[in-house]
Amino acid sequence: MKVADLPYFVKFIFSCDDGYCFQTSNFDNFQFIIDNTTNEKIDSLYIGQKIRIKGIDKEDSYEIYDIKIRHLFDNTDYHRYGLDSESCNCPDDNEWLFSILISIKKINP
């Protein structure tokens, strides 16, 4: 089954120390996350990995320094309430199953 055919996906939040934030619960948006080493779209995430997020106003390089799996609820309606201070301010239109917070820091190219 294609990921695009699933009713829910994971919400990925890339949150930077400098306030920059990118989030998606749409698998197609992963084409914009590029591994600095291979220059290819990513198929895994790990601490110490260096990435770029293409198609945004800037294309800085970032290093992943922490990964947290969050919002493991038995009811996805719980995701609709409250404010997540570690998430982006932009709305996410897709329903999501749980979230993964990827903490990143800007690095020199």
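I would appreciate a short explanation of the pairing of strand 2 (residues 21–24) in the present structure.
Put simply, side chains in a regular strand alternate between the two faces of the sheet. Relative to strand 2, strand 1 (residues 9–16) is paired through four bridges, and the arrangement is antiparallel. Bridging from a neighbouring strand, Ser 15 pairs with Cys 21 of strand 2. Here strand 1 folds back onto strand 2 in antiparallel fashion, the turn holding four residues, of which Gly 19 has a positive phi close to 100 degrees.

Just checking my understanding: could you explain the packing of aromatic side chains for this structure?
Geometry of an aromatic ring pair is reported as the spacing of the ring centres plus the angle between the planes. In this structure the tally under the stated criterion is six aromatic pairs. Aromatic pair Phe 12 and Phe 30: ring centres 4.7 Å apart, planes at 80 degrees, arrangement edge-to-face. With Phe 12 in strand 1 and Phe 30 in the loop between strand 2 and strand 3 (33–35), the pair connects residues that are 18 residues apart, well separated along the chain. Exposure remark for Phe 30: the relative accessible area of 9% places this residue in the buried category. On the basis of an interplanar angle of 40 degrees and a centroid distance of 6.2 Å, the ring pair of Phe 14 and Phe 22 is categorised as tilted. The exposure classification of Phe 14 matches that of Phe 22, with both residues buried. An aromatic cluster is defined as three or more aromatic residues linked by ring pairs; in this entry it consists of Phe 9, Phe 12, Phe 27 and Phe 30.

It is not clear to me how the side chain of Arg 52 should be interpreted in this structure. Could you clarify?
Looking at the secondary structure, you find Arg 52 in strand 4 (residues 50–53). Within the structure, the side chain of Arg 52 is placed 2.7 Å from the side chain of Asn 39, a separation counted as a polar contact. When sequence neighbours within four positions are dropped, the list of residues in contact with Arg 52 reads Phe 32, Ile 33, Ile 34, Asp 35, Asn 36, Asn 39, Glu 59, Asp 60 and Ser 61.

It is not clear to me how the sheet that holds strand 6 (residues 96–107) should be interpreted in this structure. Could you clarify?
Strands belonging to one sheet form pairs held by backbone hydrogen bonds; the direction of such a pair is parallel or antiparallel. Pairing in this open sheet of six strands is mixed, and the strands run 2-1-6-5-4-3 from one edge to the other. Of all strands in the sheet, those with a lone pairing partner are strand 2 and strand 3, marking the two edges. Taken over all neighbouring pairs, the strand axes of this sheet differ in orientation by 35 degrees on average, direction set aside. When strand 4 meets strand 5 (residues 61–70), the two strands line up antiparallel, connected through three bridges. Looking at strand 5, one finds that Ile 51 is bridged to Tyr 62.

Explain the environment of Ser 103 to me, please; I cannot follow it from the model alone.
In this fold, Ser 103 is placed in strand 6. Between the C-alpha atom of Ser 103 and that of Asp 66, which follows or precedes it by 37 residues, the distance is 5.0 Å. Once residues within four sequence positions are removed from consideration, Ser 103 is found in contact with Ser 15, Glu 63, Ile 64, Tyr 65 and Asp 66.

Cut-offs and rules
Each chain carries its own residue numbering, running from 1 in the direction its sequence is written. Local features in this predicted model are restricted to residues of pLDDT 70 or higher, and side-chain atom pairs are both shown and tallied only at a pLDDT of 80 or more, whereas totals for entire chains, interfaces and linings draw on every residue. By convention in this description, side-chain values take in all heavy atoms of the structure and omit both hydrogens and water. The pairing criterion for strands is at least two bridges between them, as found by DSSP. For the purposes of this entry, the term helix denotes a DSSP run of H or I that reaches at least four residues, the term strand denotes a run of E that reaches at least two, and both are numbered from the N terminus. Each Phe, Tyr or Trp ring, with Trp reduced to its six-membered ring, pairs with another whose centre is within 6.5 Å; inter-plane angles below 30 degrees give stacked pairs, above 60 give edge-to-face pairs, and intermediate values give tilted ones. Under the scheme applied here, a residue whose accessible area is under 20% of the maximum for its type counts as buried, over 50% as exposed, and between as partly exposed, the area being computed with a 1.4 Å probe on protein chains only. A 3.5 Å cut-off defines polar contacts: any pair of N or O atoms within that distance qualifies, except that in protein one atom must be a possible hydrogen donor and the other a possible acceptor, and neighbouring residues in sequence count only when both atoms are side-chain atoms. Contacts between residues were defined by any pair of non-hydrogen atoms, one from each residue, lying within 4.5 Å. Axes here mean lines fitted to C-alpha atoms, for a helix over just the part in contact, with angles spanning 0 to 180 degrees between N-to-C directions.

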